[in-house]
Amino acid sequence: MAENVALLGLGTMGAGMATNLLKAGFSLSVYNRTAAKAQTLIKAGARFASTPAEAAKDALVIISMLSDDAASREVWLGRNSALEAAGKRAILIESSTVSPAWVAELAEAASQRGVELLDAPVTGSRMQAEAGQLSFLVGGSETTLEQARPVLEAMSKEIVHLGPVGSGAKMKLINNFLCGVQVASLAEGLTWIERSGLDREKALTVLKSGAPGSPLLGAISARMVSQNYAVNFLLTLMTKDLLYAQNEAARNNVDLKTAETARSLFEVAIAQGLGNEDMSSVIEPLRKR
């Protein structure tokens, strides 16, 4: 299945995903609004398409990895859209972190076109995308997933089927809600440590080896200490994800108060010009107070 694959979006995650699809031997078409981002992939054997429709034509699996609902809507349903060019045997895979409401709308549009949709957002950041070590959180038909599995396996260490279409999007927002809150609380905690007179490295060793410890705490604290904010996960996207999480939780009568607090810290960082840095840079406005 899926000799011909299309990938729409070559940002922080999409470029690594495309590289691994090429390594696995798939015939790959790529689309990105900024063509310059495709040059390395073109040299590696990818074909650059000038529109989503051109990329999707003749592809048996069409994947999007984009920033938000609006960008996803544009490539799937906008002018020269991927959906209008998709063949009847095509499988659509929405891997962006988007709202379940948009996934439901896209699923309806795909159904009317007579094609199958999987919502399959990922956990992991730039490094996992480059290493082919993403985890896919999949909603949709098990049969469709099995058909698309070879494509997903080329980019991942794990594929988790969570239920019907929309399940992946819901799980991803819960995941990112918890991550965003932890990053924000770490920014406050580390600032407290730095001002308290404690030995910062000893204090972090206690936290990382104790109950608060997690892979995220270890990785993000190292970036905050070194002030290395090269993008693994864009700060603006975490801010967006927290908002989407709040909106989706509210549909289930859950008020994410911690998400609201965390998002306010990220919004301060955006206001101070850090929106295009890694999310770990959320600590800098706190340090300056």
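Our subject is the structure listed above.
Since the model is a prediction, treat every value here as computed from it, not as a measurement. Here the residue numbering is sequential within each chain, running from 1 through the sequence in written order. Local features in this predicted model are restricted to residues whose pLDDT is 70 or higher, and side-chain atom pairs enter the listing and the counts only when it is 80 or higher, whereas totals over whole chains, interfaces and linings include all residues. Remark: hydrogens and water are excluded; side-chain values derive from all non-hydrogen atoms of the structure.

> I would appreciate a short explanation of the overall build of the protein chain in the present structure.
The helix count covers DSSP runs of H or I at least four residues long, the strand count covers runs of E at least two residues long, and both are numbered beginning at the N terminus. When helices and strands are tallied, the protein chain shows 14 helices and 9 strands. With C-alpha atoms as the basis for the radius of gyration, the globule rule is written as 2.2 Å multiplied by the number of residues raised to the power 0.38. Its C-alpha atoms give the protein chain a radius of gyration of 20 Å, within 12% of the compact-globule value 19 Å for 289 residues. The dimensions of the protein chain, computed from C-alpha atoms along their principal axes, are 65 × 45 × 35 Å. Only protein chains enter the calculation, and the probe is 1.4 Å; a residue is then buried if its accessible area is under 20% of its type maximum, exposed if over 50%, and partly exposed in between. Here the protein chain, with 289 residues, has 51% of them falling under the buried criterion. For the area figures, the Shrake-Rupley method with a 1.4 Å probe applies, and any residue is considered shielded solely by the protein chains shown. By element, 52% of the accessible surface of the protein chain is carried by carbon and sulfur atoms, the whole surface being about 13,100 Å². Charged residues are defined here as Lys and Arg on the positive side and Asp and Glu on the negative side; His and the ends of the chain fall outside this count. A single reference atom marks each charge: NZ on Lys, CZ on Arg, CG on Asp, CD on Glu. When the 28 positive and 29 negative side-chain charges of the protein chain are each reduced to one mean point, those points stand 4 Å apart.

> Sorry, what's going on with the pattern of salt bridges here?
A side chain of one charge can pair with a side chain of the opposite charge if their charged atoms are brought near each other. Here, a salt bridge means any side-chain nitrogen of Lys or Arg that lies within 4 Å of a carboxyl oxygen of Asp or Glu. Per the counting criterion, the structure on display carries 13 salt bridges. With its nearest N and O atoms 2.7 Å apart, the salt bridge here joins Arg287 to Glu194. One end of the pair, Arg287, is in helix H14 (residues 284-288); the other, Glu194, is in helix H9 (residues 167-196), and 93 residues separate them in sequence. For Arg287, the salt bridge goes to Glu284, with nearest N and O atoms at 2.7 Å. Separated by 3 residues within a single helix, Arg287 and Glu284 lie in helix H14, roughly one turn from each other.

> What is the right way to look at the side chain of Thr144 in this model?
Position of Thr144 relative to the elements: it lies in helix H8 (residues 142-153). Only heavy atoms matter for contacts: two residues are in contact if any of them lie within 4.5 Å across the pair. The contacts of Thr144, once residues within four sequence positions are left out, are Ile91, Glu116 and Leu118.

> I keep staring at unusual backbone geometry and nothing clicks. Help me out?
Trans peptide bonds make up the majority, and among non-glycine residues the majority have a negative phi. Phi is positive for Asp58, close to 75°, though the residue is something other than glycine. Within the element layout of this structure, Asp58 appears in the loop between helix H3 (52-56) and strand E4 (61-64). In this model, Gln227 sits at a positive phi of 55°, which is unusual for a non-glycine residue. Here Gln227 shows up in the loop between helix H11 (215-226) and helix H12 (235-251).

> Can you walk me through the packing of H9 against helix H13 (residues 257-271) in this structure?
Two measures define how a pair of helices packs: the angle their axes make with one another and the distance between the axes. The contact between H9 and H13 brings their axes to 9 Å, and the two run at 60°. Classified by the angle between their axes, H9 and H13 sit oblique to one another. In the packing of H9 onto H13, the handedness of the crossing is left-handed. On the side of H9, the interface is formed by Phe177, Gly180, Val181, Val183, Ala184 and Glu188, while H13 contributes Thr258, Ala259, Ala262, Leu265 and Phe266. Each residue receives one of three labels: charged for Asp, Glu, Lys and Arg, nonpolar for Ala, Val, Leu, Ile, Met, Phe, Trp, Tyr, Cys and Pro, and polar for the others, Gly being one of them. Its residues assigned to classes, the contact of H9 with H13 shows 8 nonpolar, 2 polar and 1 charged. Only the stretch in contact is used when a helix axis is fitted, and all axes are lines through C-alpha atoms; the angle between N-to-C directions ranges over 0 to 180 degrees. In this scheme, roughly parallel covers angles under 35 degrees and roughly antiparallel covers those over 145, while 65 to 115 is roughly perpendicular and the rest are oblique. Here a crossing is called left-handed whenever its near helix is offset anticlockwise from the far helix by less than a right angle, and right-handed whenever the offset is clockwise.

> What exactly am I supposed to notice about the layout of surface pockets here?
Rolling a probe over the atoms, with the probe sized like a water molecule, indicates the empty space that remains. Computed over the protein atoms alone on a 1 Å grid, cavities are sets of points where a 1.4 Å probe fits but cannot get out and pockets are open sets with protein on both sides within 12 Å along at least five of seven lines; a residue lines them when it has an atom within 4 Å of a point. Grid points are joined across faces, edges and corners, and a volume is the space filled by probe spheres set on the points. When its volume is computed, the second largest pocket comes out at roughly 190 Å³. Taken together, Lys170, Leu173, Ile174, Phe177, Ala245, Glu248, Ala249, Asn252, Val254 and Leu256 form the lining of the second largest pocket. When residues of the lining of the second largest pocket are traced back to their parent elements, those giving at least two are H9 and H12. Within the lining of the second largest pocket, the residues separate by chemical class into 7 nonpolar, 1 polar and 2 charged.

> Quick question: what am I supposed to make of a nonpolar patch on the surface here?
A contiguous nonpolar surface patch, about 340 Å² in accessible area, is contributed by Leu162, Met171, Ile174 and Leu178. Among the elements that make up the nonpolar patch, the one with the highest residue count is H9 (3 residues). One can find Ile174 in helix H9. Patch definition: residues with relative accessible area over 30% and no salt bridge; like charges joined within 9 Å; nonpolar side chains (Val, Leu, Ile, Met, Phe, Trp, Tyr) joined within 5 Å.

> For this particular structure, what's the right way to read the packing of H9 against helix H10 (residues 200-209)?
Between H9 and H10, whose axes approach to 10 Å, the crossing angle comes to 145°. Regarding H9 and H10, the two cross each other, and that crossing is right-handed. Contacts from Leu190, Ile193 and Glu194 in H9 reach Arg200, Ala203, Leu204 and Leu207 in H10. Broken down by class, the residue content of the contact of H9 with H10 amounts to 5 nonpolar, no polar and 2 charged.

> Looking at this structure, I do not really get the environment of Ala148. What am I missing?
Looking at the secondary structure, you find Ala148 in helix H8. Discounting chain neighbours no more than four positions away, the residues touching Ala148 are Ile91, Ile93 and Leu118.

> Would you mind showing me how to read helix H1 (residues 14-23) here?
Residue pairs spaced three or four apart in an α-helix point in one direction, given the helix's 3.6 residues per turn. Burial within H1 is extensive, with 7 of its 10 residues counted as buried. Within H1, the full set of buried residues consists of Gly14, Gly16, Met17, Ala18, Asn20, Leu21 and Leu22. Positive backbone phi, approximately 95°, marks Gly25, located one or two places after H1.

> What exactly am I supposed to notice about the nonpolar core here?
Across soluble globular proteins, you tend to see nonpolar side chains buried next to one another. Here the nonpolar core consists of buried residues drawn from Ala, Val, Leu, Ile, Met, Phe, Trp, Tyr and Cys, with membership extended through side-chain atoms lying within 4.5 Å. Within the largest apolar cluster, 33 residues are counted, with the highest numbers of intra-cluster contacts made by Met17, Leu21, Leu28, Ile63, Ile93 and Phe136. Setting aside residues up to four positions removed in sequence, Ile93 forms contacts with Val61, Ile62, Ile63, Ser64, Trp76, Leu117, Leu118, Ala120, Ala148 and Leu152. Counting residues in hydrophobic clusters, the runner-up holds 31 residues, among them Val183, Ala184, Leu186 and Val282.

Interpretation in functional terms is not warranted from these geometric data alone.
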